[in-house]
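Single-letter residue listing:
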Amino acid sequence: MSGSNAHQNIALQQLAAGNVPAYIQVLGQGARAAARELRRADTGLKNRALEAMASRLTASKQLILEANALDLQRGKETGLDAALLDRLALNDARIDAMVEGLHQVAALPDPVGEIDDMRYRPSGIQVGKMRVPLGVIGIIYESRPNVTLEAASLCLKSGNACLLRGGSEASASNAAISSCIQEGLADAGLPAESVQVVATTDRAAVGAMISMPEYVDVIIPRGGKSLIERISREATVPVIKHLDGVCHVYIDTTADPAKALAIAVNAKTHRYGTCNTMETLLVDAPIADIVLPELALAYAEHHVELRGCERTRALLPQVALATEEDWGAEYLAPILAIKVVDGMDEAIQHIEQYGSHHTDAIVTQDISLARRFMAEVDSSSIIVNASTRFADGFEYGLGAEIGISTDKLHARGPVGLEGLTTQKYVVFGDGQIRQ
C-alpha cells in the first residue's frame, strides 16, 4: 500500500468513526508532509500537474455539470437565495473559464525561488531575499465550487499544500472537481496530499482547521460575513480575509456622462452576488440631474431597486428613501443605494464612514482629482474610469485569485501567487567570519 493510500485510509477511518478533529489532524499531517515535497518541486512539474488537471476537468465536464445540478436542486429545496444560487451554479462557460484559469496559472512566472535585493555589505557578504511558499494553506469557503479549483491551482503553483473545506451546498460539485484534481496530481507524480478536499461539512472541521498551527500556516476564508467573523474571532492560525464588499462608484462633475453611465450600470448589474459589485453610487451634485435620470432608466431595465437620499429623490421621485443601514449594506442583490454629494471631500468622507476598504472607483476627467482619490481612499483596490468588477485576480493578470484581502499585513487586494508566498533572507559569503 502506498503512503498516500495508507494516509487517506487512516483519515477516512477517523471520519467514519465520527472523530472529525482527528480526521482533520490526519489531513493536516499529510499536508505538512506534502508541503515539504512541494518545496522541492520545480516549475515544470507543477505546471504538468496543472495541465493534467485541465485535461481531466475537460474530460469530466458532463459529470461535473450533473453533480452541480444535484447541488442546485438541493439548494432550491432548502431555500438558498438567488445570490447564493448564482455563486453555486456551473455551466459550460464557467467550467471553460476554470480550465482557462488553470492554463493561465501554468503560464504565469513561478515566484518561488526568486532572489532579489541582493547587495554587498562592508564585510563582503551578499544579502538578499528569496521568495518561498507559506507552507500549508487552509481555505474555508461557501457556495462557489470554482473556488476549489482556483485555490488548488494557485496553492500548487506557489508550492503550497492546501486543505479545502467547501460548503454543504456545493458538496457534490466539489467532490467531482476534487476527483479531477487528484487525477491530475497522480498524472504528474505529485502526492495526493498536496490538495485535500475535506470530505465532511461538519462545522467541527472548521474549528479543527483554524486551531492547529502545527499543521496549517494560514487560513483564508471565503464566504458570508458570519463565517469570516467566526474564523477571525476563533482562529489561532493567521487569517487573510475581507469581511464585506461595500463598493462605491463616485461620478465626479467632470465625468464623461456616457462613460459614467456604462461604468455605473456594469458595476451594479454585471453580477449581483460578487464582492466587487457596486453597492452605493455617489454622484456629484452638478452632474446629478444629467446622469441620474438616464441611470434610473437603465437600472429599471435590469429590475434594480433604487434607494436614495432626499436629493436623489428630488430628481427621481419614484426612488425609495434610503435608511442609515442602506449606506453600509452589502446587498449582493439587485438593490442600489444612491447619494448626491457636494464634491470629492464629501464622497471620500462617505466612503471612509460606510465603506469596507474593498474596492472603490471614481469616474472623472480631472487627473488631479483622480490622484487625490487614489491617495486618500483607503481601499485595497482603487479604480479610475472603469468598473469595480475589474477588482479580480483573473482581470488583474494573476490567473486566478484565492480571495481578496482588505488586511494591511502580508497581502492586500486580490491574492494571487505572490500573496501565497513569503520571503526569507539569504546570505552568500566566501569564508567571512564576524569580527
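Just so it is clear, the model here is predicted, and its values are computed rather than measured.

The rules we used
Residues numbered from 1 in each chain as written. Predicted model: local features only at pLDDT ≥ 70, side-chain atom pairs only at ≥ 80, totals over all residues. Heavy atoms only, no water. UniProt positions renumbered as here; feature names shortened; annotations may be inferred. Helix = DSSP H or I, 4+ residues; strand = E, 2+ residues; numbered from the N terminus. Patch = residues over 30% accessible without salt bridge, like charges linked within 9 Å, V, L, I, M, F, W, Y side chains within 5 Å. Areas by Shrake-Rupley, 256 points an atom, 1.4 Å probe, with all protein chains shown as cover. Salt bridge = Lys/Arg side-chain N within 4 Å of Asp/Glu carboxyl O. Lys, Arg positive; Asp, Glu negative; His and termini not counted. Charge placed at Lys NZ, Arg CZ, Asp CG, Glu CD. Phe/Tyr/Trp six-rings, centres within 6.5 Å; stacked < 30°, edge-to-face > 60°. Lys NZ or Arg CZ within 6 Å of the ring centre and 35° of its normal. Buried < 20%, exposed > 50% of the residue type's maximum accessible area, 1.4 Å probe, protein only. Right-handed = clockwise from strand over helix to strand, strands pointing away. Pairing = 2+ DSSP bridges. Axes fitted to C-alpha atoms, helices over the stretch in contact; angles between N-to-C directions. Expected span 1.5 Å × (residues − 1). Bend = angle between axes of the 7 residues up to and from the residue. Contact = heavy atoms within 4.5 Å. Polar contact = N/O pair within 3.5 Å; in protein donor to acceptor, adjacent residues only side chain to side chain. Parallel < 35°, antiparallel > 145°, perpendicular 65-115°, else oblique. Nonpolar A, V, L, I, M, F, W, Y, C, P; charged D, E, K, R; others polar. Core = buried A, V, L, I, M, F, W, Y, C linked by side-chain atoms within 4.5 Å.

Another point: the UniProt feature "domain: Aldehyde dehydrogenase" (unreviewed entry) in the protein. UniProt tags residues 30-301 as "domain: Aldehyde dehydrogenase" (unreviewed entry). Structurally, residues 30-301 is divided into 53% helix and 17% strand, and its ends, taken at the C-alpha atoms, are 53 Å apart.

There is a patch of like positive charges on the surface, built from Arg36, Arg39, Arg40 and Lys424. In terms of residue count, the dominant contributor to the positive patch is helix α2 (residues 20-40) (3 residues). Tracing the backbone shows arginine 36 in helix α2.

As enumerated under the stated definition, the model contains 0 aromatic pairs in all. In this arrangement the basic side chain of lysine 339 is found over the ring face of tryptophan 327, its NZ or CZ atom lying 5.9 Å from the centre.

This part is about the pattern of salt bridges. Taken as a whole and assessed by the stated rule, the structure comprises 23 salt bridges. Where glutamate 150 meets arginine 222, a salt bridge forms, and the shortest distance between an N and an O atom there is 3.7 Å. On the criterion of sequence distance, the pair formed by glutamate 150 in helix α7 (residues 146-157) and arginine 222 in strand β6 (residues 218-222) is long-range, its members being 72 residues apart. In this structure, glutamate 150 and arginine 222 share a single accessibility class: buried. For arginine 412, the salt bridge goes to aspartate 378, with nearest N and O atoms at 2.9 Å. Within this pair, whereas arginine 412 is found in the loop between β14 (404-405) and β15 (413-414), its partner aspartate 378 is found in the loop between α16 (367-376) and β13 (381-384), the two being separated by 34 residues in sequence. On the basis of relative accessibility, which here comes to 26%, the residue aspartate 378 falls in the partly exposed class. Through salt bridges with shared partners, a single ionic network connects Arg56, Glu183 and Asp187.

This brings us to the pairing of strand β9 (residues 305-308). Of the two faces of β9, the one lined by Leu306 and Gly308 is fully buried and the one lined by Glu305 and Arg307 carries no buried residue. Once you follow β9 into helix α13 (residues 310-315) and on to strand β10 (residues 320-321), the crossover reads as right-handed.

All right, on to the pairing of strand β7 (residues 247-251) then. Burial within β7 is extensive, with 5 of its 5 residues counted as buried. Alternating residues of β7 divide into Cys247, Val249 and Ile251 and His248 and Tyr250, and every residue in both groups is buried. Bridge count for β7 against strand β8 (residues 278-284) is 5 bridges, and the pairing is parallel. Directly across from valine 249, in β8, lies its bridge partner leucine 281.

Moving on, we come to the sheet that holds strand β1 (residues 115-120). As summarised here, the arrangement of the 3 strands in space is β1-β2-β16, forming an open sheet in which the pairing is antiparallel. Pairing within the sheet leaves two strands with one partner each, and these edge strands are β1 and β16 (421-428). Pairwise comparison of adjacent strand axes, ignoring direction, gives a mean angle of 20° for this sheet. Relative to β16, strand β2 (residues 126-133) is paired through 8 bridges, and the arrangement is antiparallel. Bridged to valine 127 within β16 is valine 427.

What follows deals with helix α12 (residues 285-301). Each full turn of the α-helix corresponds to 3.6 residues, which orients residues three or four apart in the same direction. Here α12 spans 24 Å end to end across 17 residues, near enough to the 24 Å set by a 1.5 Å rise per residue. The principal kink in α12, of about 40°, is found at valine 291, preceding the proline proline 293 by one to four residues. For α12, the complete set of buried residues consists of Ile287, Ala288, Val291, Leu292, Leu295, Ala296, Ala298 and Tyr299. At its buried positions, α12 is contacted by β7, α11 (257-269), β8, β9, α13 and β11 (335-341).

Before going further, it helps to examine the environment of serine 173. Position of serine 173 among the secondary structure elements: in helix α8 (residues 171-188). For the pair formed by serine 173 and threonine 148, sequence separation is 25 residues and the distance between their alpha carbons is 9.4 Å. The contact partners of serine 173, leaving out residues within four places of it in the chain, are Ala67, Asn68, Asp71 and Pro145. A polar atom in the side chain of serine 173 sits 3.1 Å from the side chain of asparagine 68.

Here the focus is the packing of helix α6 (residues 92-107) against α7. Two numbers describe how α6 lies on α7: the axes approach to 10 Å, and their chain directions differ by 10°. When the interaxial angle is binned, α6 and α7 end up roughly parallel. Along its contact with α6, which presents Met98, Leu102, Val105, Ala106 and Ala107, the element α7 presents Asn146, Leu149, Ser153, Leu154 and Lys157. A class-by-class count of the residues in the contact of α6 with α7 yields 7 nonpolar, 2 polar and 1 charged.

Membership of the largest hydrophobic core comes to 76 residues, with the highest contact counts inside it found for Ile24, Ile139, Leu164, Ile219, Ile231 and Ile402. Of all the elements, α2 adds the most residues to this core, at 9 residues. Sequence-distant contacts of isoleucine 231, that is, excluding residues within four places in its chain, are made with Ile140, Val206, Ile210, Ile219, Pro221 and Val239. Among the nonpolar cores identified, the runner-up in size contains 39 residues, and Val265, Val319, Trp327 and Ala329 belong to it.

This paragraph deals with a nonpolar patch on the surface. Taken together, the side chains of Ile115, Met118 and Phe428 define a hydrophobic patch exposed on the protein surface, amounting to about 240 Å² of accessible area. Locating isoleucine 115 in the fold gives a position in strand β1.

All right, on to the side chain of asparagine 174 then. One can find asparagine 174 in helix α8. Given the relative accessible area of 4%, asparagine 174 is considered buried. The contacts of asparagine 174, once residues within four sequence positions are left out, are Tyr141, Pro145, Thr148, Gly166 and Gly167.

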